[in-house]
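Inside the fold
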Amino acid sequence: MFKLRRKCSSVFNHENLRFLSASAVAAMEDTLPQLCVHHETSINSNSQTPTLESPISISLDPLLYISALLKCNNVLQIREVHGQVTASGMLHNLDVANKLLYIYAQHKLLTDAYALFGDMKERDAVTWSVIVGGFAKIGDYSNCFGTFRELIRFGIPRPGNYILPSVIRACRESVDLVMGKSVHDLVVKSGLDLDHFVCAALVDMYAKCRVIEDARKLFDEMPKKDLVTWTVMIGAFADCGNANESMALFDRMTDVGVVPDKIAMVTVVYACAKLGAMNKAKLVDDYIYRNRFSLDVILGTAMIDMYSKCGSVDSARKIFDRMRNRNVISWSAMIAAYGYHGQGRKALDLFPMMLSSGISPNKITFLSLLYACSHAGLVEEGLQLFSSMLDDYGVRPNVKHYTCMVDLLGRAGRLDEAFHLIEEMTIEKDEGLWGAMLAACRIHKHVDMAEKAAKSLLELQPQNPGLYVLLSNIYANAGRWEDVAMIRYLMTQRRLKKIPGWTWIEVGNKIHQFGVGDNTHPCAKEIYGMLRGLSKKLELAGYVPDTNFVLHDVDEEVKIGILNTHSERLAIAFGLIATPEGTPIRIMKNLRVCGDCHTFCKFVSAITHRMIIVRDANRFHHFEDGVCSCGDYW
């Protein structure tokens, strides 16, 4: 270092040297000696030290300064090299100034970058691209868009594919569809609507903003689609609730010869999990196996979740056991899978195994454990885990953990304890927490406490139709029909609509959808004939419809008729017609299965000797020989 200091002192005058410190020397160690150009030097024959006979000047080779900048590892080094660049007059070189701007942006030093940007009298496309992209990178979308507007006002008519993708990504991350559409218009005016990188960014932006039709239109018009664009489109359809289209896109992608990478496969696995289709899951698993994708923690964990949500916790466990390496997310996913399927004891058994493997639990782990306890009625175990989070593992509970505890206590009928826990909370309460309390009140028909929970919920989500429906159901169960009418009047006044119930079943590699009283299916005649035949057999087996689950003020006979046309019954009847005897029937429902349909499924599983697997909005139910895996606790 001392030797290099001496060399520096022979090159720079006192004014230049004041900018240089040890860290800057370290950054420029390989390049500073090359900045010296000796015009005339002589070496004393009796000494190894150079004697200067005429001035030494600094080389003005910009590449040397750029190289020095690239070697900077911290803020101090960057600023000191910046000082040397300024002192040497090299800041007027646009390549050097742009590189300095880029280094500031890479280190997220946007205040320094913007100050430098303001001092540059000369700017080119790279300059604008770096500063706009830098603001986008740190999430400062206001300055990103403001700088971009300044660029347009500056008079650059064609921003180019080096700036637009950054602005479009900023629109995506900020979910600013208005700005996104404005940028899209500029893309068309600039003649860049066929540019691959720009169009790919627009597809991604529209997908994130949930404008799936616009994303698909752009996607279909692209003359060239790379793997990233295919992956974005597959994930977008899954996010928007059309996982069936995601799987169709995956088939198209492979048909045209685009080879998926691991990221693409994780996206496909995610879409399959959303779809909940077991046949699709097996095809995806087979593709992964045949193409020798390694089950690392990312892909393996995604497959655990996929099989769990497709109804096979045993298949999820096989994936878990095949994984060579597991992290805390992998363990938590497997614990959650058991909890999702009502196997709380197995979920809890995994916890000590996880600890013995050297993995420490995090918030997700405890959320999975508490959920498992809640859906298996393991109240004391849940209370103990909740108490140990902070005391034993240093994990501070958040509102989601409190929500699980409210659900745990509420399901067990300990409503006073659940309400007391809410009142004692020191963190902000959200709609999920009050929703769990309201649902517990519905289970145990506690109207007064339900009204308190509903009042808090209304303050947080006055436009959530599910809240009004749940409170209306509570009033209906209590026979308070005037209050039911009042709730429905409020929904009408506020233009809120009840979310319709749908049930899906996969048969012959195709997804069939049913709504309540649905007559649109091609096999509707056969389906209703099957239901009539089942009704007679169920009556002989002792099944009595529970009309309390029909929340309308109508005659009993009408209520029974309504129950018989619930969407899950139509899907099960179709499954009995369209699948071989003895095979499981798997259905998926977007809402919670009603109590009477739960009883119906138990009886049907007994008289048909079929396993019926139901995935509803909360969990899985496995019906076999007249018994449900939830133990009638859900």
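Below you will find a few notes about this structure. Quick caveat: nothing in here was measured; it's all calculated off a predicted structure.

1. Description of the overall build of the protein chain
Helices and strands together make up the secondary structure of the protein chain, namely 33 helices and 10 strands. Relative to its 634 residues, the protein chain shows a buried fraction of 49%. When contacts within the protein chain are restricted to residue pairs at least 6 apart in sequence, those whose partners lie at least 24 apart make up 63%. Taken as a whole, the protein chain presents about 30,800 Å² of accessible surface, with 53% of it coming from carbon and sulfur.

2. Concerning the pairing of strand 7 (residues 585–589)
Taken across its five residues, strand 7 has four buried, putting it largely inside the fold. The pairing of strand 5 (residues 502–507) with strand 7 spans three bridges and is classified as antiparallel. Bridged to W504 within strand 7 is M588. Here strand 7 runs beside strand 8 (residues 612–615); their pairing, made up of four bridges, is parallel.

3. Observations regarding the sheet that holds strand 10 (residues 627–628)
Read across the open sheet, the six strands follow the order 6-5-7-8-9-10; overall the sheet is mixed. The open sheet has two edge strands with one neighbour each: strand 6 (510–515) and strand 10. Packed onto the sheet, helix 16 (residues 262–275) meets strand 6, strand 7 and strand 8 and runs at close to 110 degrees relative to strand 8.

4. Notes on the packing of helix 10 (residues 164–174) against helix 12 (residues 196–208)
One way to put it is that helix 10 packs onto helix 12 with a least axis distance of 8 Å and a crossing angle of 5 degrees. The angle between the axes of helix 10 and helix 12 places the two elements in the roughly parallel class. Residue-level contacts link L164, P165, I168, C171, R172 and E173 of helix 10 to F197, V198, A201, L202, D204, M205 and K208 of helix 12. Tallied by class, the residues present in the contact of helix 10 with helix 12 amount to nine nonpolar, no polar and four charged.

5. A short note on the packing of aromatic side chains
Under the defined criterion, the tally for this structure stands at 15 aromatic pairs. Centre to centre, the rings of F320 and W331 are 5.0 Å apart; their planes meet at 80 degrees, and the pair counts as edge-to-face. Here W331 lies in helix 20 (residues 328–340) and F320 lies in helix 19 (residues 313–322), a separation of 11 residues in the sequence. By the burial criterion, F320 is buried, and W331 matches it. Residues Y543 and F600 carry aromatic rings whose centres are separated by 6.4 Å and whose planes lie at 75 degrees to one another, so their mutual orientation is edge-to-face. Of the two residues, Y543 is situated in the loop between helix 30 (524–541) and helix 31 (556–563) and F600 in helix 33 (residues 595–608); the sequence distance between them amounts to 57 residues. You'll find Y543 and F600 in the same group, each marked buried. In textbook terms, an aromatic cluster arises when at least three aromatic residues are bridged by ring pairs, as seen for Y114, F117, W128 and F135. Cation over ring: R569 sits above F600, and NZ or CZ is 4.4 Å from the ring centre.

Definitions and limits used
Residues numbered from 1 in each chain as written. Predicted model: local features only at pLDDT ≥ 70, side-chain atom pairs only at ≥ 80, totals over all residues. Heavy atoms only, no water. Helix = DSSP H or I, 4+ residues; strand = E, 2+ residues; numbered from the N terminus. Buried < 20%, exposed > 50% of the residue type's maximum accessible area, 1.4 Å probe, protein only. Contact = heavy atoms within 4.5 Å. Areas by Shrake-Rupley, 256 points an atom, 1.4 Å probe, with all protein chains shown as cover. Pairing = 2+ DSSP bridges. Axes fitted to C-alpha atoms, helices over the stretch in contact; angles between N-to-C directions. Parallel < 35°, antiparallel > 145°, perpendicular 65-115°, else oblique. Nonpolar A, V, L, I, M, F, W, Y, C, P; charged D, E, K, R; others polar. Phe/Tyr/Trp six-rings, centres within 6.5 Å; stacked < 30°, edge-to-face > 60°. Lys NZ or Arg CZ within 6 Å of the ring centre and 35° of its normal.

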